[in-house]
Amino acid sequence: MKNTINTNTNTKLILLHPYIQKQGGSNRLWLLAFVSFFTVAFLLTFIYTREHSIVPKTVVTAVSTTPISSPPLSKTLVKALVHYASRSNDTDGMSYTDIKQISDVLRQCPSPCNFLIFGLTHETLLWQALNHNGRTVFIDENRYYAAYMEEKFPEIEVYDVQYSTKISELKELVTLVRQQVHNECRPVQNLLFSDCKLGLNDLPNQLYELDWDVILVDGPRGYWPEGPGRMSAIFTAGVLARSKKGGNHKTHVLVHDFNREVERVCTDEFLCRENMVKSKDLLGHFVLERMDGSSTQFCRNNYTTKSTAASSASSS
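Here is what the cut-offs are and how they apply
- Counting restarts for each chain: residues are numbered from 1 in the order of the written sequence.
- The model is predicted, so local features are restricted to residues of pLDDT at least 70 and side-chain atom pairs to those at 80 or more, both for listing and for counting; the totals for chains, interfaces and linings are taken over all residues.
- No hydrogens and no water enter the side-chain calculation; it runs on all heavy atoms of the structure.
- Between N-to-C directions, angles span 0 to 180 degrees; the directions come from axes that are lines fitted to C-alpha atoms, helices contributing only their stretch in contact.
- Counting from the N terminus, the helices are DSSP H or I runs at least four residues long and the strands are E runs at least two residues long.
- When describing relative orientation, an angle under 35 degrees is termed roughly parallel and one over 145 degrees roughly antiparallel, while 65 to 115 degrees is termed roughly perpendicular and anything else oblique.
- With the far helix as reference, a near helix turned anticlockwise by less than a right angle produces a left-handed crossing, and one turned clockwise produces a right-handed crossing.
- Note on contacts: a residue pair is in contact if any heavy atoms of the two residues lie within 4.5 Å.
- The buried label goes to any residue with under 20% of its type's maximum accessible area, the exposed label to any with over 50%, and the partly exposed label to all in between, with areas taken from a 1.4 Å probe on protein chains only.
- The handedness rule is simple: strands pointing away from the viewer, and a clockwise path from the first strand over the helix to the second, make the crossover right-handed.
- Only strands joined by at least two bridges in the DSSP assignment are considered to pair.
- We define a salt bridge as a side-chain nitrogen of Lys or Arg found within 4 Å of a carboxyl oxygen belonging to Asp or Glu.
- Cysteine sulfur atoms that come within 2.5 Å of each other are treated as a disulfide pair.

1. Section: the packing of helix α8 (residues 231-242) against helix α9 (residues 261-271)
When two helices pack together, their arrangement is given by the angle between the helix axes and by the axis-to-axis distance.
Thought 1: Closest axis-to-axis distance for the α8/α9 pair is 9 Å, and the angle between their directions is 25°. Considered as vectors, α8 and α9 are oriented roughly parallel to each other. Our pair here, α8 against α9, has a crossing hand that is right-handed. Between α8 and α9, the contacting residues are Met231, Ile234, Phe235, Gly238 and Arg242 on the first element and Val262, Glu263, Cys266, Thr267, Phe270 and Leu271 on the second.

2. Focus: the pairing of strand β2 (residues 135-140)
Thought 1: With five of six residues buried, β2 lies mostly within the body of the structure.
Thought 2: As a crossover connection, the stretch from strand β1 (residues 114-118) through helix α4 (residues 124-130) into β2 is right-handed.
Thought 3: Sheet topology places β2 next to strand β3 (residues 157-160); four bridges connect them, and they run parallel. By the bridge assignment for β3, Phe138 is matched with Val158.
Thought 4: One crossover worth recording links β2 to the parallel β3 by way of helix α5 (residues 143-152), and it is right-handed.

3. Topic: the pattern of salt bridges
Thought 1: A full pass over the atoms with the stated rule returns 11 salt bridges.
Thought 2: In this structure, Glu157 engages Arg135 in a salt bridge whose closest nitrogen and oxygen atoms are separated by 2.7 Å. Pair noted here: Glu157 is in strand β3 and Arg135 is in strand β2, with a separation of 22 residues, a long-range link.
Thought 3: Accessibility expressed as a relative area gives 18% for Glu157, which makes it buried.
Thought 4: On the basis of relative accessible area, Arg135 is assigned to the partly exposed category, the value being 24%.
Thought 5: Linking Arg230 and Asp257 is a salt bridge whose minimum nitrogen-to-oxygen distance equals 3.0 Å. A residue pair is termed long-range when its members are at least 10 positions apart, and Arg230 in the loop between β4 (214-217) and α8 and Asp257 in the loop between β5 (250-256) and α9 qualify at 27 residues. Each member of the pair Arg230 and Asp257 is classed as buried.

4. Regarding the state of the cysteines
Thought 1: Applying the stated criterion to the full structure yields three disulfides.
Thought 2: One disulfide bridge connects Cys272 with Cys299, the sulfur atoms lying 1.8 Å from each other. Between Cys272 and Cys299, the S-S torsion sits near -85°, and that sign places the bridge as left-handed. One end of the pair, Cys272, is in the loop between α9 and β6 (276-280); the other, Cys299, is in the loop between β7 (283-289) and α10 (303-306), with 27 residues separating them in the sequence. Of the two residues, Cys272 and Cys299, both sit in the buried class.

What follows is the structure, encoded as structure tokens:
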């Protein structure tokens, strides 16, 4: 009985050996699966991290290069643009002499150059191109044409403004400014808060904060008595130039159709003859300096002795 029992016991032990071997093989399979899983996971994580580590570098590079301005237009390209713009069949276009004068001023303007233009004209896209590294803003009295130009050429920045003046009121308007030169019509002020009749105070607020380097007055229309004329544009240009807070303390103000009475009278009054650099063809070129906020006179010469043009306007 003992032997039998021992035999049975030994048999039980023999039966247990295959089970133990199967258990060990199963563990090895689980271990292999576990290692394989983590190997695949590691590879996927490495690839994912590598791809995402490249993207930020690309983004940073793009962001860092965006503010860098492109090189200025070559002299040859500028000459070509000026040449072909002046050779247009459009009878309302500027002459080659006038365009070249403005182009020369823009080429000398420090970059980035802030360029303000009163009037949407045949040369609009030319001015935009010549000042390609700076900010160019157009002001026009025709809101429909301004909207049309902005839609057709999204790269231009244009705003419409309503003029309340008439050419037939030239004498009265000049006299009004003289009377209010110590108050609402001061030569140095923020026009946004001004009630001077010749000051444009309905432009976007940001435009009053900019330091304009070049201002071109080529609008609004001014060839019949009921037309708005350029009295407000010239007055506003003079105030903006004198009221600069920073940047270059000088501002170039260019007035087209300088041969006409309104342009002559208003430049004498608000831009001043002592600031004239050149008058050639149909363009008057003035350089105005920033003035102290306490200034209450546009020109050094007294109004009563400096201009006879205003008196001739009253008799016409």
